[in-house]
Amino acid sequence: MALNKQKTATEAIAHLRDGMTVGIGGWGPRRKPMALVREILRSPLKDLTVVSYGGPDVGMLCAAGKVKKLIFAFVTMDAIPLEPYYRKARESGAIEVEEYDEGMFEWGLRAAGMRMSFLPTRVGLATDVLAKNPNLKTITSPYADGEVYVAMPALKLDAALLHVNESDRLGNTLLRGHDTFFDHLYARAADHVIVSTEVLHEKLALDAHTAKLNAFERYLVQSVVHAPGGAHPTLFGPDYGWDLEHLKRYNLSATEEGGWQKYVEEFVNVGEAAYQTQIGGAERLAKLKLPVF
Amino acid sequence: MTTATLAELMIVAASEAWRDNGELLASGITTIPRLGASLAKMTHSPELLMTNSEAYLVAEPVPLGPLGDYVPQYEGYLGFERVFDCVWGGKRHAMIGPTQIDRWGQTNLSAVGPDYKKPKSAVLGVRGLPGNSICHPNSFFVPNHGPRVFVAGEVDMVSGVGYKPERWLPGMKQDYVDLRLIVTDLCVLDFGGPDHAIRVRSLHPGVSFEQVQAATGFPLLQADDLSETPLPTEEQLAIIRKLDPHNLRSAVLKNNPPAVGARG
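About the criteria used
Every chain begins its residue count from 1, and numbering advances along the sequence as written. Written order determines the labels here, with chains lettered from A and ligands numbered from 1. Side-chain atom pairs in this predicted model are given and counted only at pLDDT of 80 or more, local residue features only at pLDDT of at least 70, and totals for whole chains, interfaces and linings cover all residues. Water and hydrogen atoms play no part in the side-chain values, which are based on all heavy atoms of the structure. A run of H or I in DSSP counts as a helix once it spans at least four residues, and a run of E counts as a strand once it spans at least two, with each numbered from the N terminus. Our radius of gyration is a C-alpha quantity, and the globule rule it is checked against amounts to 2.2 Å times the number of residues to the power 0.38. Exposure is judged per residue with a 1.4 Å probe applied to protein chains only, and the accessible area is read against the type maximum: over 50% gives exposed, under 20% gives buried, and values in between give partly exposed. Note on contacts: a residue pair is in contact if any heavy atoms of the two residues lie within 4.5 Å. Only the protein chains shown count as covering a residue, and every accessible area follows the Shrake-Rupley method with a 1.4 Å probe. Asp and Glu are treated as the negative residues and Lys and Arg as the positive ones, with His and the ends of the chain left uncounted. Throughout, a charge is located at the NZ atom of Lys, the CZ atom of Arg, the CG atom of Asp or the CD atom of Glu. Accessible area that two parts lose when put together, with a 1.4 Å probe and added across both, is what the buried area reports. For this document, the term salt bridge refers to a Lys or Arg side-chain nitrogen within 4 Å of an Asp or Glu carboxyl oxygen. Whenever a nitrogen or oxygen atom comes within 3.5 Å of another N or O atom, the pair is scored as a polar contact, on the condition that within protein one atom can donate a hydrogen and the other can accept it, and that pairs from neighbouring residues in sequence are kept only if both atoms are in side chains. Three residue categories are used. Nonpolar comprises Ala, Val, Leu, Ile, Met, Phe, Trp, Tyr, Cys and Pro, charged comprises Asp, Glu, Lys and Arg, and polar comprises the others, including Gly. Here, a strand pair is defined by DSSP locating no fewer than two bridges between the strands. Working definition: a disulfide is two cysteine sulfur atoms within 2.5 Å of each other. Orientation is described by lines fitted to C-alpha atoms, with helices fitted over the stretch in contact, and by angles between N-to-C directions that extend from 0 to 180 degrees. Each angle gets one of four labels, with under 35 degrees taken as roughly parallel, over 145 as roughly antiparallel, 65 to 115 as roughly perpendicular, and the rest as oblique. In this scheme, a crossing is called left-handed if the near helix is turned counterclockwise away from the far one by less than a right angle; it is called right-handed if the turn is clockwise. Directions from the helix axis toward the C-beta atoms define the arc. By convention, a stacked pair of Phe, Tyr or Trp rings (six-membered ring in the case of Trp) has centres within 6.5 Å and planes under 30 degrees apart, an edge-to-face pair has planes over 60 apart, and any other such pair is tilted. Either the NZ atom of lysine or the CZ atom of arginine qualifies as a charge over a ring when it sits within 6 Å of the ring centre and within 35 degrees of the ring normal.

A. Up close: the overall build of chain B. Of the regular secondary structure elements, chain B holds 6 helices and 14 strands. Computed over C-alpha atoms, the radius of gyration of chain B comes to 18 Å, within 12% of the 18 Å expected from 2.2 N^0.38 for 264 residues, which places it in the range of a compact globule. Considered along the principal axes of its C-alpha atoms, chain B spans approximately 50 × 50 × 35 Å. Counting all 264 residues of chain B, 57% fall into the buried class. In chain B, of all internal contacts separated by at least 6 residues, the share reaching a separation of at least 24 is 65%. As displayed, chain B has an accessible area near 11,000 Å², and 52% of this comes from carbon and sulfur atoms. In chain B, the 23 positive side-chain charges and the 28 negative ones have mean positions that sit 6 Å from each other.

Set out below in structure tokens:
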């Protein structure tokens, strides 16, 4: 049995191809698989369609020119509401966009996971989500009510990137955050799932209570990457909070001449091990308190 | 003479949005709406449900900012996936601050400028506005009442639906659209005019209707019982101070003006 799915980030990301549709788990500046995103930044990958409840993952991929098209409901870093590199990409017309309501987005992931072409919803009617997207269609209920719905198309993903609290080499995962958002739906919507994990186990052996933290089945997972601190600088409950100091620095780089290139040289090109050292290592992560909302 | 600030007056005005709503989720997004919802739950509407703004339902509103010794009292769970279930079922009343609002109550949080493909200003995205607006009651908060927010024509990217007839084609169910209040730094508006036209319902102390009209890109109506927005009572102020011990409300409006006497 080839049940050892452990790979290096480089090996895992090498499965991706130019032009692929890639889903990125998490929500805004929370639970983002940033170590995998940094690996993409170092790779020659291009022309990606990125599907994300967007945060700095989207901003960095836009800054690096990796994004051909963005499928999204928002891009924000919460404490810093406006994502600077997303804005630059959007305002210069550098990326195509397909914009959905947050709930429609969920519906699209669900449809893909259920192998449906669409799911009906009222959401999006009478808005420019419908008007600006000529590919988005409505459908009339075949029942007596005759109501008109949006036919939210499946958001089928070639690959999904997720960061989890614990995983074993077989791809059994534990998601321990207070809210783990829609990561389970990304896993179902994708042909190929790459999971990065804070803690890697040989094989999980769980009590019933802990087993409930397993949000999706291991048959959905193709690659497991051991990446402690892999969500930094985003919030990764309960292990560490977001690194506001780092996010501010990243945000500021967008206002400086050659700022992105400097950020890349300092934090991306050095590789993940050096990145973790640069940001202050496990000691720094331990000091990043979970924010109070 | 009251010592209340304009922000505090707006919190009290915002809290009125949740009066007599029954048992539903009260979502006030950002400082003043959240304090408004919290004040509603602490005073006239204890039946409201609220979260800690993360993933848990709380028995009493959580104060803003660092909690110190305060321990949140959880009474249930409401992660984002369940919030969407709640939205679609209609048991929620949200108050958010859109970038633009038009005469039909349509809102924009996505992109400003005539060219959607290359906007003058990319904001956040439509977020949950399409779903909120077509599923459950909504109110709005505007800290800077002016013609850039209350636009003359249609908003640039209709994110939240409103009452513009041309947007509603046969078979589209408009029954759940329910726009309630707009609380601004000048006044409180509602959708009580003919065909849901926007009316001024109360003016903040020292503000005239003409002043509000001049700051709005479309014609406004006056409510028959147009009144002055009530000042916070001492009891309300005491609760607000408890809910906002670090005085985050003082940073919302420029120069934190007083409720009375700021207008020239």
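Back to the write-up after that little detour.
B. How the structure looks around helix α3 (residues 56-63) of chain A. Residue and element names in this part refer to chain A. Among the 8 residues of α3, 7 are classified as buried, and the element is accordingly described as predominantly covered. All of the buried residues along α3 are Pro56, Asp57, Val58, Gly59, Met60, Leu61 and Cys62. Of the residues trailing α3, Gly65 is marked for its positive phi of about 70°.

C. Local environment of the interface of chain B and chain A. Each partner contributes to the interface: chain B provides 47 residues, whereas chain A provides 46 residues. Sorting the residues of chain B by area buried against chain A places Phe80(B), Tyr116(B) and Arg127(B) first, and these three jointly supply 17% of that buried surface. Note that Asp128(A) and Arg167(B) form a salt bridge whose closest N and O atoms lie 2.8 Å from each other. Scanning the region where chain B abuts chain A turns up 22 residue pairs in polar contact (both at pLDDT 80 or more). Within the residue set of the side of chain B that touches chain A, elements represented by two or more residues are α3 (80-89), β9 (121-122) and α4 (129-135) of chain B. Looking at the side of chain B that touches chain A, its residues break down into 25 nonpolar, 12 polar and 10 charged.

D. Focus on the pairing of strand β11 (residues 178-184) of chain B. Residues and elements named next belong to chain B. Across the 7 residues that make up β11, a large majority, 5, are buried. Pairing analysis gives 5 bridges linking strand β10 (residues 137-142) to β11, with the strands arranged parallel. Note on β11: the bridge partner recorded for Asn138 is Leu179. Of the strand pairs in this sheet, β11 and strand β12 (residues 187-190) are connected by 3 bridges, and their pairing is antiparallel. Across the sheet, Ile182 pairs through a bridge with Leu189, a residue of β12. The antiparallel pairing of β11 with β12 creates a hairpin that spans 2 residues between the two strands.

E. A look at the pattern of salt bridges. Residue and element names in this part refer to chain A. One pass over the full model with this rule turns up 28 salt bridges over all chains. The partner of Arg284 in a salt bridge is Glu245, with the nearest N and O atoms 3.8 Å apart. Placement of the pair is Arg284 in helix α12 (residues 281-287) and Glu245 in helix α9 (residues 244-253), with a sequence separation of 39 residues. Given the relative accessible area of 22%, Arg284 is considered partly exposed.

F. Geometry of the state of the cysteines. In total, this model carries 0 disulfides over all chains according to the counting rule given. Here Cys86(B) is not disulfide-linked; the sulfur of Cys135(B) is the nearest cysteine sulfur, at 10 Å.

G. Region of interest: the sheet that holds strand β1 (residues 25-28) of chain B. Residue and element names in this part refer to chain B. Overall, mixed pairing links the 7 strands, which are arranged β1-β5-β10-β11-β12-β13-β14 in an open sheet. Of all the strands in the sheet, the pair left with one neighbour each is β1 and β14 (221-228). Averaged over all pairs of adjacent strands, the angle between strand axes in this sheet comes to 15°, irrespective of strand direction. With respect to the sheet, helix α1 (residues 6-15) is in contact with β5 (92-96), β10, β11 and β12, its orientation differing from that of β11 by roughly 170°.

H. Region of the structure containing the packing of helix α5 (residues 102-113) of chain A against α3(B). At their nearest, the axes of α5(A) and α3(B) sit 10 Å apart, and the two run at 110° to each other. Judged by the inter-axis angle, α5(A) sits roughly perpendicular to α3(B). The interaxial crossing formed by α5(A) with α3(B) has left-handed handedness. Together, Glu102(A), Gly103(A), Glu106(A), Trp107(A) and Arg110(A) of α5(A) and Glu81(B), Phe84(B) and Trp88(B) of α3(B) make up the contact between the two elements. Residues that form the contact of α5(A) with α3(B) fall into these classes: 3 nonpolar, 1 polar and 4 charged.

I. Quick look at α9(A). All names here are of chain A. Within the span of α9, buried status applies to His246, Leu247, Tyr250 and Ser253. Taken down its axis, α9 places every buried residue within 115° of arc, on the same side. For α9, the exposed residues set more than 90 degrees away from the buried face come down to Glu245 and Lys248. In this fold, the buried residues of α9 make contact with α3, α4 (84-91), α10 (259-268) and α11 (272-278).

J. Representation of the packing of aromatic side chains within the structure. For the structure on display, the rule yields 27 aromatic pairs over all chains. Between the aromatic rings of Tyr263(A) and Phe267(A), the centroid separation amounts to 4.9 Å while the plane-to-plane angle is 40°, which identifies the pairing as tilted. Taken together, the positions of Tyr263(A) and Phe267(A), both in helix α10 and 4 residues apart, correspond to about one turn of that helix. In this structure, Tyr263(A) and Phe267(A) share a single accessibility class: buried. Taking the ring centre of Tyr275(A) as reference, the NZ or CZ of Arg38(A) above it sits at 3.6 Å. Residue placement shows Arg90(A) over the ring face of Tyr116(B); its charged tip is 4.6 Å from the ring centre.

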